[in-house]
Amino acid sequence: MSQNLPERALRDRVNKLRNELDQKERELSKAFKDLSLHRTSSKRFKEERDRLNSEVRALGEEASILKMHRDIINQDIARIKKRREGLQREIRVERGIIDNAKNERDRLNEISKGKYDKLLSLYTENLETFISADITLEHEIDLFNQLIKFGERINAAKEADQKHRELRRGYKHIKAMQRELEMIHERIQRLADESQQYHEKLVDTYKKIDLIRAESDEYHKKLIETYKITDPLRDRIDNLKKTIKEMRERLSTEIRALKDAQLKREETKNEEKRIEARERYQKTGKMSIEDLRILIENKELKL
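What you see is a predicted model; the values in this text were computed from it and never measured.

Analysis parameters
- Residues numbered from 1 in each chain as written.
- Predicted model: local features only at pLDDT ≥ 70, side-chain atom pairs only at ≥ 80, totals over all residues.
- Heavy atoms only, no water.
- Helix = DSSP H or I, 4+ residues; strand = E, 2+ residues; numbered from the N terminus.
- Buried < 20%, exposed > 50% of the residue type's maximum accessible area, 1.4 Å probe, protein only.
- Contact = heavy atoms within 4.5 Å.
- Patch = residues over 30% accessible without salt bridge, like charges linked within 9 Å, V, L, I, M, F, W, Y side chains within 5 Å.
- Areas by Shrake-Rupley, 256 points an atom, 1.4 Å probe, with all protein chains shown as cover.
- Salt bridge = Lys/Arg side-chain N within 4 Å of Asp/Glu carboxyl O.
- Phe/Tyr/Trp six-rings, centres within 6.5 Å; stacked < 30°, edge-to-face > 60°.
- Lys NZ or Arg CZ within 6 Å of the ring centre and 35° of its normal.

A tally of regular secondary structure across the chain gives four helices and zero strands. For the chain, the sequential pattern of α-helices and β-strands runs α-α-α-α. Out of the 303 residues in the chain, the part that is buried amounts to 24%. For the chain, long-range pairs separated by at least 24 residues make up 84% of all intrachain contacts whose partners lie at least 6 apart in sequence.

Printed below as a string of structure tokens:
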């Protein structure tokens, strides 16, 4: 269709296409610049986000180690507390035994009403008197009754002394357990302080993680917003490149048509000059140098 258009129309179409092509190429260049600018921003946002995420991972590993140490210490504390509870139960049991032994000792002391050695000495003296002395029957009966009572009191005093020794052993055992409880309390306190230090470091680490993760999320949001801009830009660039390619193909076709029209015009003009030169020569027998050139080039004359 372009081949049937006059040369002026073809030239106008070529110029119009060139202007439109220049406009599209300027738009493409601007789109590339905008994309490069946003790509630089997106690269920076991505690098910052990835760097912060790397810090979060490193702090996460640190937090895991802190938590592991804290939990191990807390497990030790729980184990030691079980031992403390066991000792406290033993002390309560031992105190119950002591209370019973003390009550029994007091009951026996009420019966003996004296020390074992003193009662034994009195018993021996009365026994000597009962056996060896020349006493009346009434006195002998009285001594015999006293010896029986002394025997009961001596047995009670002996049992009371036994209970007293049991009490001393019980108190000694309780004292030893109380010392262990004090040591356990001190150890629990030390471990609790150490656990608290790990816990505070862990809490601080979690706070850092939250702050850094929040900053990372902000960079991620900016990155997503940048992608929302760059994705349409890439689509526009693809469309512009496709349009420019099509326009260049059309322009090439139009330029070929224009050149064909110009060539046809030159051929027509040369043909007219050839005919005029030949007619002048035929009429006058004369020719100008230009006519001679035209006729020779068209093989109308041979030298």
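Another point: a nonpolar patch on the surface. Together, Ile65, Met68 and Ile72 make up a nonpolar patch on the protein surface, roughly 270 Å² of accessible area in all. Relative to the helices and strands, Ile65 resides in helix H1 (residues 7–112).

Another aspect to go through is the pattern of salt bridges. Scanning all chains against the criterion turns up 20 salt bridges. Put simply, Glu90 and Arg83 hold a salt bridge, and the shortest N to O gap is 3.8 Å. On the accessibility criterion, Arg83 (38% relative accessible area) is partly exposed. Several salt bridges share partner residues, and in doing so they unite Lys46, Arg49 and Asp50 into one network.

What follows deals with the environment of Arg168. Among the structural elements, Arg168 can be located in helix H3 (residues 137–284). As a C-alpha pair, Arg168 and Ile98 span 70 residues in sequence and 9.0 Å in three-dimensional space.

Before going further, it helps to examine the side chain of Thr226. Its location among the elements puts Thr226 in helix H3. Residues in contact with Thr226, not counting those within four places in the same chain, are His38, Ser42 and Phe45.

Now for the packing of aromatic side chains. In this description, an aromatic ring pair is defined by two values, namely the gap between the centres and the angle between the planes. On inspection of all chains with the given rule, the structure shows one aromatic pair. Arranged with centres 6.3 Å apart and planes meeting at 45°, the rings of Phe45 and Tyr219 form a pair that is tilted. With Phe45 in helix H1 and Tyr219 in helix H3, this residue pair connects regions lying 174 residues apart in the sequence. Accessibility assignment for this pair places Phe45 and Tyr219 in one class, buried. In this structure, Lys201 packs its charged tip against the face of Tyr198, placed 6.0 Å from the ring centre. If you follow Lys222 out to its NZ or CZ, it ends over the ring of Tyr219, 5.3 Å from the centre.

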